[in-house]
Structure formats: C-alpha cells, structure tokens
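A closer look at the structure
As a plain string of letters, each chain reads:
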Amino acid sequence: MVATISVLSGGARGVAEYFTATSGYYEVERSGQWFGKAADENLYLRGKVDRRDLEMLLAGHAPWGEQLARKVASQNTATGSESATNKRADRAERVPGYDLCFSAPKSVSILWAVGSKQERATIEQCMREAVGKTLTDLEGNVSLARRGRNGTRQIDAKLISAMFLHTTSRDHDPQLHIHSVIANLCHGADGRWSSVNSRLLHQWTPAMGRVFRCHLASALVEKMNVQLERPQREDGKLEAWFEVKGVKKKLIEEFSQRRATIEKATPEGQLGDSHARARANTATRRSKDRKLTPESLRKEWSERAREHGFTDRSVQRLCRHTVKPKSLSQEQLHKVFDEAISAMGNEKAHFQKWHVVSEVCERLQHQGVDASQVLPQLMDHLEQSKQAVQIDQPG
C-alpha cells in the first residue's frame, strides 16, 4: 500500500518515546520534523521534533502546558447519561493521534539504496517534499474539524504533524517510508481547538496516498531526471502504482521480501482483502535489529543488486533524462476525469469525492504533470461537474 493509517495507542509518552528514541542505525531515522499549519502558526513549532513537545501535544496540551483539547464529557453531557459520557471521554483520551504512513515504490527505494550519497539525499528530499505537499493538500481541501450537535457540521482546520523518515522494511530491505504522526488536535477556522475528525481522515487516507504518489513522481522527474511507468500485469491491466523505468521486475522482487512474507501469511483467496493483509502484516512483524549499521546494510544491498547487474552506474544511467513536470491542462484533466467517472460508474452507482480523487490521481501519477495543480483543479472540477454522483455523509 502507498498510504496506511493507524490509530496510535500506548499513551502519549509511549508513542513519543517510540518515534523519537535514538539508537545506532535509527538515530537519524528518529529525527523528526514538524509540519502542519497549526504547529507552525499557532504553536511556533518548526524544525526538529523534541520528544517532550510531541508528548505534550499527543496528550492534548500545548508545549507550555496549556490544555488545548477539552474532555468529551464537557461537550456532550446532554447526549446521554453521565456514566456513558465518561466512558466516551475515556475512549477519546486513549487516542493521542494517528500515524499516516506514506511509502515509496520499491524501485525508488532501490535507487536510494544503490545510489551515491548525493542521490540518496535528493531522493530523501523528494520524499519529504511529497509528504509535506500532501499534508498541505489535506489541510486545504478536507474539512477535518467538526462542530454542532453530534458533530454534523464540518469546518476547515489546521493540523499538527511530526514527520519521521524511515528507510528499511522489517526484513531489512530498502524501503523508504515516512510516518506522519498527526496529533489528535486541530485548530478550526473558528479559532477553537478540537479533536480531528478521525472518520473523515480514515476515508481520505487512500486518496491522499495517491496524491502523495503524484507529488513524489513530480519531484523525482524534476530533481532526479528519471522516467516513470506503471507496471503491466499478466492480464494486461496496469498496476495502481508507478515505478522508475529501467528497474527490472526481478530486481524489485529481490528487494520485496516483506511483501512476500505478508502474501505468504495471507489466507488463500484473500490477497485482495486489505483487512486480511493487515492482519498478516501484524502477525509477521518482527522487531528491527538496532545493531545494524548504514554501512553494513548498504554493502549488502549493493551486493544483492550487483547480482542482477544493477550498480551505482546503473542509477546514473537512469537519471539522465531532462523531461520536467508539465502543467496540467484543463483538457487533460477533463479527459482523465471522464475516464475515471466512467470506470467507477461500471462498478458502483454512488461514490464520494475521495473515490474520484483516488481514481484520477492513479491515472495521472506517471504522466509527469505538476502535482501541485492536481488536487485544487480536481476539487474545483468536482464542484462544477454534474457527472459525479456524490452522497454527502456526516464525517
């Protein structure tokens, strides 16, 4: 999956310690960066994440101690008995935040693993830039604060996020991914702090994964000068993700041990079931080996890649194209939009905005368009179009 969401558990202190703990290989990986308009504009949090600040925010407080999140009991005392209200409050207090994890296609991780120090730094920059722009798109286009009786009114809100770049899978393959730890706090357009609309966040996560992929593709084309393609399956259909053109399938499989482990543990006939794959993922997770060093891993990765005829010079050859991201024309957007609506209409009669965004971004990701234009233009087009059948549901 390109993006997943998990509800953080274990309390604010436990979560903060997990993401900021430093030891050996993970010292750099545990160095997070603040992101989100609420973090920047309201709490003045910028740059490197401090463990204490993260713990305070996950507990619902500003870094200086002010309580920002009100207890559920103080908001909903009229909706049920005191006992029931207190139970709801206890449940809410056990959710410090959410982990949105954005993963790079395997070929991108292979280029990072085998490439030079400068190439690794550039790819890491592309990852951070893509996640940052995706979170900005989320803030600007999805109203993640709820107001009114039973939270039926949605308003725009600013988020607080701590981003952590990790570079390996549980099976020690190269796997670039960023954990975006979103505190269960948002600052609404009305000036009030509240919890994040978790239902809407979950609903939009798959679409945001595809928006991220568009941003990552755009950054890679511009900064790494690579060409992209969507892999073709045996039945002739295209996969949902892009890969770097020139990275062979056998090499990708060589560095996909984690995926193979999960697929092997997934019950027969359930590979298409995301919940079954998630259970297999949890059941087969193993602790990361903190004794590993960057040097030992890169040496191993280079040796394995060399067995497939892929070296640092191969990376250089793939990074010689000069095609830059191009503007997304209205004609191109209309064409892809119509194709997406037609394809979805064959499967369901009604769909939501996030379904359309997912389908359109999946079709655009490898075409080298300027991703900064995709979501704003698409959301405008959705508002104007009479083709898309949308059922508004409370978040």
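Everything below is about the structure shown above.
Throughout this description, residue numbers start from 1 for each chain and increase along the sequence as written. In keeping with the model being predicted, local features are shown solely for residues with a pLDDT of at least 70 and side-chain atom pairs are shown and tallied solely at 80 or more, while totals for entire chains, interfaces and linings include all residues. To get the side-chain values, all heavy atoms of the structure are used, and hydrogens and water are removed first.

1. Overview of the overall build of the chain
Comment: elements are numbered from the N terminus, with helices defined as DSSP H or I runs of at least four residues and strands as E runs of at least two. Looking only at helices and strands, one finds 17 helices and 10 strands in the chain. Here's how the labels work: a residue is buried when its accessible area is under 20% of the maximum for its type, exposed when over 50%, partly exposed in between, all with a 1.4 Å probe on protein chains only. When burial is assessed residue by residue, the chain has 49% of its 395 residues classed as buried.

2. A word on the side chain of H177
Tracing the sequence through the fold places H177 in strand β7 (residues 174-188). The class for H177 is buried, based on a relative accessible area of 9%. A distance of 2.8 Å separates a polar side-chain atom of H177 from the backbone oxygen of Q175. As used in this structure description, the phrase polar contact means that two N or O atoms lie within 3.5 Å; if the pair is within protein, one of them must be able to donate a hydrogen and the other to accept it, and residues adjacent in sequence are counted only when both atoms belong to side chains.

3. Some details on helix α7 (residues 106-114)
Within α7, nine of the nine residues are buried, which leaves the element mostly enclosed by the surrounding structure. Within α7, burial applies to K106, S107, V108, S109, I110, L111, W112, A113 and V114.

4. Here we look at the pairing of β7
The buried count for β7 comes to 15 of 15 residues, which makes it a mostly enclosed element. When DSSP finds at least two bridges between two strands, those strands are taken to pair. Here strand β3 (residues 97-103) pairs with β7 via seven bridges, running antiparallel. Counted as the bridge partner of F102 is I178 from β7. One ladder, built from 10 bridges, connects strand β6 (residues 157-168) with β7; its direction is antiparallel.

5. Topic: the packing of aromatic side chains
Only the six-membered ring of Trp is used, alongside the rings of Phe and Tyr, when aromatic pairs are assigned; centres must lie within 6.5 Å, and planes under 30 degrees apart are stacked while those over 60 apart are edge-to-face, with the rest tilted. Applying the stated criterion across every chain, the model contains five aromatic pairs. Each ring, one from Y18 and one from F19, has its centre 5.0 Å from the other, and the planes form 85 degrees; the classification is edge-to-face. Judged by relative accessible area, which is 37%, Y18 ranks as partly exposed. Exposure remark for F19: the relative accessible area of 3% places this residue in the buried category. Both rings, one in W112 and one in W301, keep their centres 5.8 Å apart while their planes meet at 55 degrees; by these two values the pair is tilted. Of this pair, W112 sits in helix α7 while W301 sits in helix α13 (residues 294-306), placing them 189 residues apart in sequence. Taken together, the aromatic side chains of Y18, F19 and F164 make up a single cluster linked through ring pairs.

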